[in-house]
Structure formats: C-alpha cells, structure tokens
Amino acid sequence: MTDAEIQPSAFIKHQLPGRVRLKIPQKRGDVNYFNRLEELFSDFLGINELKLNPSTASILISHENAVPFQDIAEFAKTKNLFNLVEEAEDHDETVPNLYIKALALAGFDRFDKALLDYSKGRLDARSFVFLSLIGLAIHQAARGNVLAPASTFLVYAFQLLDVKDINQIEYEQKADSEGE
C-alpha cells in the first residue's frame, strides 16, 4: 500500500485569507487521530490557532498570511496526517474506526470526568453506577423480588468491579489492528 492509500483524504470546506476549514470524513469520531493531529501541528510555525472537532471531522486552521496554506497541507502529507483532495469524496456514511465497546467506554469516560469534577473528586462514574445498582437491588429485595431483579442487579454491580478502563481497551484495539 502507498502512503496515499493509508492517509485519509481531506477537503477544503471553506477558505479565507489566513483561515481554512478542512473536513476529513474518514476520521469522524476518531478522537485519537485528532489528538495526534493537534500534537503534530503544534510543531508547525505559522499556525496561530487550531480548532479540532472529531465529532464533525473538521479542522479550523488560522494561520499567518505569510504562510501559504499549501505549505501546511504539504506538512500534513509528510507527517502522514492527510492528503488534500480537490473535492469531497462521498464519505457521509463512514463509520468511525472504533469498536462499539471503545465508543461506549469513551462516553462513560466523559461522564466519569464530569462526575468527578462535579463531586470534587469524591465520586466517579463506576462508583456511581455500582451504588445505583446496589440501591436498586435493595429496593427490589424490599419488594420481595429477591431471586429475579435483586440478584440480577447485584451480579451487574459486582461485574463492574472487573470492567477494564478505556486505555486498556484502546491498547487491545491497537494490538488487534497491528496483528491483522
């Protein structure tokens, strides 16, 4: 495979002097890709501001007028970030390159961070769900439903103690893709 086949295609959505918005539909939802993009573009002198949105697969680049956008596009190509194409290819139906489990855990991770911020570090999402399931199990047991719902909630609660975190899932996902 050539680099052109590996690199995603980017197209210019709109452009003004010193400002360009790119779309990379193949990478919609791929947070790791956009983090890498941000990291590599931080080394490029002449970019004033970089706004990335993985959920819409867009990049807004504000750059100095003395720096032609073509130089930025060449930099991206040499760093294997993307190839600039003339027009948008039909990628509207492209699904992100993430497993459903990783997407669900990414959402859980965001909820976890928000809950930690809100509770000032006292309660994380896993503990919240664990306590909720224990509460539901007690409620069902008090209603006399010990064998069905109560025991099920308890099993689910204790299974949470064995759930891997998202970093482990991403590591396994990367190892799976390298082994193919």
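Residues numbered from 1 in each chain as written. Predicted model: local features only at pLDDT ≥ 70, side-chain atom pairs only at ≥ 80, totals over all residues. Heavy atoms only, no water.

1. Some remarks on the nonpolar core
- L37, F41, I59, I61, I72, L81 and F82 are the most contacted members of the largest nonpolar core, which totals 22 residues.
- For this core, the elements supplying multiple residues, two or more each, are β2 (19–23), α2 (31–41), β4 (58–63) and α3 (69–78).
- In this view, L81 contacts Q7, P8, Y33, R36, L37, L40, F41 and A76; residues no more than four positions away in its chain are not counted. (Core = buried A, V, L, I, M, F, W, Y, C linked by side-chain atoms within 4.5 Å. Buried < 20%, exposed > 50% of the residue type's maximum accessible area, 1.4 Å probe, protein only. Helix = DSSP H or I, 4+ residues; strand = E, 2+ residues; numbered from the N terminus. Contact = heavy atoms within 4.5 Å.)

2. Quick look at the pattern of salt bridges
- In total, this model carries two salt bridges according to the counting rule given.
- The partner of K27 in a salt bridge is D30, and the shortest N-O contact between them spans 3.8 Å.
- In this structure, K51 and E49 form a salt bridge, with 3.8 Å as the shortest nitrogen-oxygen distance.
- A relative accessible area of 37% places E49 in the partly exposed class. (Salt bridge = Lys/Arg side-chain N within 4 Å of Asp/Glu carboxyl O.)

3. With respect to the side chain of S58
- For S58, the location among the structural elements is in strand β4.
- What makes S58 buried here is its relative accessible area of 5%.
- Among the polar contacts made by the side chain of S58, one reaches the side chain of T56 at a distance of 3.1 Å.
- Contacts of S58, omitting those with residues within four sequence positions, involve R21, L22, K23, F34, K51, L52 and N53. (Polar contact = N/O pair within 3.5 Å; in protein donor to acceptor, adjacent residues only side chain to side chain.)

4. Focus: the environment of P68
- Summarising the element assignment, P68 is placed in the loop between β4 and α3.
- Distance from P68 to P17, taken between C-alpha atoms, is 9.2 Å for residues 51 residues apart in sequence.

5. Examining the packing of aromatic side chains
- Under the definition given, this model contains four aromatic pairs.
- Between F41 and F75 the ring centres are 5.7 Å apart and the planes differ by 40°, which places this aromatic pair in the tilted class. Note that F41 is positioned in helix α2 and F75 in helix α3, a separation of 34 residues in sequence. No difference in accessibility class separates F41 from F75, as the two residues are buried.
- Joined through ring pairs, the aromatic side chains of F41, F44 and F75 make up one cluster. (Phe/Tyr/Trp six-rings, centres within 6.5 Å; stacked < 30°, edge-to-face > 60°.)

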